[in-house]
Amino acid sequence: MEKNKLDKTFGAVGMSAGLLLMVVGAAIVFFSFTGIVLIALGAFVAFTYTATLIDFNNKRIKFATYVFGIIPWGKWVSIEPTMRIGVRN
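Notes on the structure follow.

Calculation rules
Going along each chain's sequence as written, the residues are numbered from 1 onward. Residues qualify for local features only when their pLDDT is at least 70, as the model is predicted, and side-chain atom pairs are given and counted only at 80 or more; totals for whole chains, interfaces and linings, by contrast, use all residues. Computation of side-chain values: all heavy atoms of the structure, hydrogens and water removed. Helix and strand labels come from DSSP, where a helix needs a run of H or I of at least four residues and a strand needs a run of E of at least two; each type is numbered from the N terminus. Radius of gyration: C-alpha atoms only; globule rule: 2.2 Å multiplied by the number of residues to the exponent 0.38. For each residue, the accessible area found with a 1.4 Å probe, counting protein chains only, is set against the maximum for its type, and the residue is called buried under 20%, exposed over 50%, and partly exposed in between. An expected span of 1.5 Å times one less than the residue number is assigned to each helix. Residues are treated as being in contact if the distance between any of their heavy atoms lies within 4.5 Å. Centres within 6.5 Å are what make two rings of Phe, Tyr or Trp a pair, Trp counting through its six-membered ring; a difference in plane orientation under 30 degrees is then read as stacked, over 60 as edge-to-face, and the rest as tilted. Angles shown run from 0 to 180 degrees and are taken between the N-to-C directions of axes, each axis being a line fitted to C-alpha atoms and, for helices, limited to the stretch in contact. Orientation labels follow simple angle bins: below 35 degrees gives roughly parallel, above 145 gives roughly antiparallel, 65 to 115 gives roughly perpendicular, and whatever is left gives oblique. Take the far helix as the reference: if the near one is turned anticlockwise from it by less than a right angle, the crossing is left-handed, and if turned clockwise, right-handed. In this count, Pro and Cys sit with the nonpolar residues alongside Ala, Val, Leu, Ile, Met, Phe, Trp and Tyr, while Asp, Glu, Lys and Arg are called charged and the others, Gly among them, polar.

**Here we look at the overall build of the chain**
Right, so step 1: Along its length, the chain carries two helices and four strands.
Right, so step 2: In sequence order, the secondary structure elements of the chain are arranged as β-α-α-β-β-β.
Right, so step 3: Over its C-alpha trace the chain gives a radius of gyration of 18 Å, far above what one expects of a compact globule, namely 12 Å for 89 residues.
Right, so step 4: Viewed in the frame of its principal axes, the chain has a C-alpha envelope of about 60 × 30 × 15 Å.
Right, so step 5: Expressed as a percentage of the 89 residues in the chain, the buried residues total 20%.

**Details of helix α2 (residues 34-47)**
Because the α-helix completes a turn every 3.6 residues, residues three or four places apart line up on one side.
Right, so step 1: With 14 residues, α2 should reach 20 Å at 1.5 Å per residue; the first-to-last C-alpha distance of 20 Å fits that figure.
Right, so step 2: By the burial criterion, the buried members of α2 are Gly-35, Gly-42, Ala-43, Val-45 and Ala-46.
Right, so step 3: In this structure, the buried side of α2 is in contact with β1 (2-8) and α1 (11-28).

**Side note on unusual backbone geometry**
Right, so step 1: With a phi angle near 55 degrees, Lys-59 is a residue other than glycine that sits in the positive phi range.
Right, so step 2: Along the chain, the position of Lys-59 falls in the loop between β2 (49-55) and β3 (60-67).
Right, so step 3: Positive phi is not limited to glycine here, since Phe-68 has a value of about 60 degrees.

**A closer look at the packing of aromatic side chains**
Right, so step 1: Applying the stated criterion across every chain yields a total of three aromatic pairs.
Right, so step 2: Measuring from ring centre to ring centre gives 5.7 Å for Phe-44 and Phe-68, while their planes differ by 65 degrees; the resulting arrangement is edge-to-face. Remark: Phe-68 occurs in the loop between β3 and β4 (71-78) and Phe-44 occurs in helix α2; sequence separation between them is 24 residues.
Right, so step 3: Residue Phe-44 is classed as partly exposed on the basis of its relative accessible area of 28%.
Right, so step 4: A residue is classified by how much of its surface remains accessible, and Phe-68, at 36% relative accessible area, is partly exposed.
Right, so step 5: Aromatic rings pair up to connect Phe-10, Phe-44 and Phe-68 into one cluster.

**Notes on the packing of α1 against α2**
Right, so step 1: At a minimum axis separation of 7 Å, α1 and α2 run at an interaxial angle of 160 degrees. Here α2 runs roughly antiparallel to α1, going by the angle between their axes. In this structure, α1 crosses over α2, and the sense of that crossing is left-handed. Note on element contacts: α2 touches α1 through Thr-34, Gly-35, Leu-38, Ile-39, Leu-41, Gly-42, Ala-43, Val-45, Ala-46 and Phe-47, opposite Gly-14, Met-15, Gly-18, Leu-19, Leu-21, Met-22, Val-24, Gly-25, Ala-26 and Ile-28.
Right, so step 2: For the contact of α1 with α2, the class distribution of residues is 14 nonpolar, six polar and no charged.

Listed below in structure tokens is the structure:
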């Protein structure tokens, strides 16, 4: 199986903002429980990315979004001989 990481879902700015939210949340968590929400939101924004998985043995592909960087979310598509690949305008 081959995994191709494509890009961050929220881009470079989203990743920086997510890391900032995590740092602020870590500082606030000692005073209020809203810090936990900031840490979770920051982790979601900072670490979520898209990837494509290719399973050569079972002849299928999967376009997935990795939520929090660890939980794959997507659907497997079986490759059939009648399928084609192309570019559309």
